Amino acid sequence: MVKKDEKISFEIDGQTCSAWAGQPLLDAAKDNGIFIPSLCHVQGLKPAGSCRICNVNVNGRNMTACTTRVSAGMVVENHTPELNELRKTIIEVLFVSGNHFCPSCEKSGNCELQALGYRYQMMVPRFPYEFPVKGVDARPDLIYHDRNRCIMCKRCVRSITKDGKHVFALNGRGGEHLHVAMDVDLASQLTEAEAQEAMDICPVGAILKKEQGFLVPIGERKYDKAPIGSDIEAQNG
Amino acid sequence: MTKKITIEPVTRVEGHGKVTIHLDDQNNVDYSRLHIVEFRGFERFVQGRPYWEAPVLVQRLCGICPVSHHLAAAKALDVIVGSGTGEGLTPTGEKMRRLMHYGQIFQSHSLHFFHLVSPDLLFGIDADPVIRNVIGVALEHKDLAVQGVMMRKFGQEIIRATAGKKIHGTGAIPGGINKHLSAQDKEAFLNGPDNFNIDQMIAWSQGVLEFFKDYYTRHQSFIDNFATFPSNHLSIVRKDGAMDLYHGVLRAVDDEGNKILDDVDYQDYDQYIEEEVRSWSYMKFPYLKSIGKSDGWYRVGPLARLNTCDFIPTPLAQAEFEEYKALTHGKPNHHCLHYHYARLIETLHSAEVMRDLLNDPDLMAGELVTTGTKINKGVGVIEAPRGTLFHHYEINEDDQITLANLIVSTTNNNEPMNQSVNQVAHSWMDGQPEITEPMMNAVEVAIRAYDPCLSCATHALGQMPLEISLFDAENNLLDSKRT
């Protein structure tokens, strides 16, 4: 629980930070101009801890920054060679476990996975490609759902609703069958704005708004202009 | 005892190619084949993808002329999204695409002539491969080499300004374009310093044309007789018969210039053109249905375009066109090496078109995209640098591509290239006791004239990257040479 009446101090990579007691560490770091990478966390949504990229070392133990609450005197390591290598490895695994063909993907330039690949200098695939065949569902009027690109971050599961009902849900629990399923009837009722919201909440190109391709030229997209996280770090000058 | 000569790989292809030449007991050529031996599969793996991805996805077919695939796919999707063909776009949409396309023609033709062809002309096709390459050109003909580099760079910059990137851009989208030309780019193209502006490009285009014509005067017999044979020719032309490399109607002429097809809407291309599959090549053999498989094949590309069009709608290129047509008394030109001549006239034409477009205010402002009522099938055809390029897509009600058929320029020229290889093999190798490097280069010179995506790496590397092997009738290796 965030205590908005209690400011505490803690430390990230030797920098003294202040935050509300109980604030998610990832959010607190952001407020202090420190970038901790994440693919599943969205400020305001309940933390999921599913992507593991926000792994940091808290008082000697590795923990996910999105699910860890800050407390007074906490000592956090974030930008270390070991943690960055771990993050890079996770990014590489996510890339090979999906069909992420950046050259023709509408999300290219706005894709957080791609942006993290660049930030952590993913140069060559170290792991074998899986080329999954999880299917594509293009039945809704406005949504194109490509499960082969899904990284199971569950952002859509947690956020996209229609009339109070969840449009996306985790389905087929149990190893290789696990996937994010879409309620086609509900998805078909989404408005233009809601469909755009679904596309925007997806960190990769698994949820696309139909009939919208490359309106913004490559080179003029969000991460074409500045690396992911640089807006947060700019607060520290 | 018969022998088989294999030239493999024929490099710088989209995939791999090789030439086999079969000799009989007297070392005379029995028959020859140009094989394309790698399967690409784009037509299959775009199936299921959303249609708006096609222009960006399929252009990955090629790193040399991706703009052609990008625009052909976009033109097909214009039809699907209800924007119609050609005139259905906004003036900005159509003119930006035209500028992109003519920039592509300009850079591709320049690359081909200066980097790949000029070594053959400057040093001779039987010269030592150590000097018969682009480095040799740079060392001995510095001005020409610099012009080649600068002309290609200019075309690439035009592509960047219109498509967003020099290679694999994203400018054309279904129904139009996603950007205007910036004032900064326009100024640079029109008035750039250090000879990097459109007026200089036109002057250099004229210069290289004069260079070729001078060469032709001194080597007319060789150029006119090298791999010359009659054929049909096909391209799109503007409705009034003018050369138009971006949009038009299908026209085909026979070897005498009689029209086989005229004013044909390319949406119906499959009523007029069919593709034959032969077991020894992954590249199909297109032919005109009305004539049939054996005689319905045709040439595409610069030579064909100058045979099908009635005139060129820019003054400098038109004057050159008239001089060129006079060589064959207005009849179709069937000389294989005149592809180079025709290509340089098109280079000049492209520069003139770019100049006119750069001065057009529609590129700087105006609506970018149009839409209409969606349909499930669209065909896009464009004159790529190497010839007529067909893209045909069909989609389902969920916006997924269900069918893609691509007939690329090189495919159209498949049978003509085979004919050319055969001609050269006969005239250079018949009865020869030894197969030499110049003989193999002569085969590649014939292929190279078409500027296929089969152009050889010979000149770039300074060494023929070919392997020649002699086999007896039982396929036993008799001799092998890597030159």
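Residues numbered from 1 in each chain as written. Chains lettered and ligands numbered in written order. Predicted model: local features only at pLDDT ≥ 70, side-chain atom pairs only at ≥ 80, totals over all residues.

1. What about the overall build of chain A?
Within chain A one finds 8 helices and 12 strands. Here chain A has a C-alpha radius of gyration of 18 Å; the compact-globule value for 237 residues is 18 Å, and the two agree. The buried share of chain A, reckoned over its 237 residues, is 40%. (Helix = DSSP H or I, 4+ residues; strand = E, 2+ residues; numbered from the N terminus. Rg over C-alpha atoms; globule rule 2.2 N^0.38 Å. Buried ≥ 20, exposed ≤ 12 C-beta atoms within 10 Å, placed from the backbone.)

2. Here we look at the sheet that holds strand β6 (residues 232-237) of chain B
Residue and element names in this part refer to chain B. If you walk across this open sheet you meet the 4 strands as β8-β7-β6-β11, and the pairing is mixed. The open sheet has two edge strands, β8 (259-264) and β11 (298-299), and neither has a second partner. Here β6 pairs with strand β7 (residues 249-253) via 5 bridges, running antiparallel. Paired with Ser-235 across the two strands is Arg-251, which belongs to β7. (Pairing = 2+ DSSP bridges.)

3. What about the domain arrangement of chain A?
Residues and elements named next belong to chain A. According to the domain assignment, chain A consists of domain 1 (3-79) and domain 2 (88-211). Relative to domain 2, the C-alpha centre of domain 1 lies at a distance of 26 Å. Between domain 1 and domain 2, the contact holds 11 residues from the first and 14 residues from the second. Grouping the constituent residues of the side of domain 1 that touches domain 2 by class yields 8 nonpolar, 1 polar and 2 charged. (Domains from an automatic or database assignment. Contact = placed C-beta atoms within 7 Å. Nonpolar A, V, L, I, M, F, W, Y, C, P; charged D, E, K, R; others polar.)

4. Overview of the pairing of strand β4 (residues 61-64) of chain A
Residues and elements named next belong to chain A. Pairing between strand β3 (residues 55-58) and β4: 4 bridges, direction antiparallel. In the sheet register, Asn-57 faces β4, and the bridge partner there is Asn-62. Between β3 and β4, which pair antiparallel one after the other, the connecting turn spans 2 residues, and Asn-59 there sits at a positive phi close to 50°.

5. Regarding the domain arrangement of chain B
All names here are of chain B. With domains assigned, chain B is organised as domain 1 (1-38 + 416-483), domain 2 (90-167 + 201-227 + 335-358) and domain 3 (229-334). Summarising the inter-unit geometry, the C-alpha centres of domain 2 and domain 3 are found 21 Å apart. In this complex, domain 2 contributes 19 residues to the contact, which on the side of domain 3 involves 16 residues. Broken down by secondary-structure element, the contributors of at least two residues to the side of domain 2 that touches domain 3 are α4 (91-123), α8 (198-218) and α12 (338-358).

6. Let's talk about the sheet that holds strand β6 (residues 136-137) of chain A
Residue and element names in this part refer to chain A. With antiparallel pairing, the 3 strands of this open sheet are ordered in space as β6-β7-β12. Each of the sheet's edge strands pairs with one partner strand only, and the pair in question is β6 and β12 (207-209). As paired elements, β6 and strand β7 (residues 143-146) share 2 bridges and run antiparallel to each other. Bridge pairing links Val-136 to Asp-146 in β7.

7. Structural notes on unusual backbone geometry
Backbone geometry at A:Asn59 places phi at a positive 50°, although glycine is not the residue there. Residue position: A:Asn59 is located in the loop between β3 and β4. Residue A:Asn59 is classed as exposed on the basis of its C-beta count, with 12 C-beta atoms lying within 10 Å. In this structure, B:Asn27 takes a positive phi of about 65° despite not being glycine.

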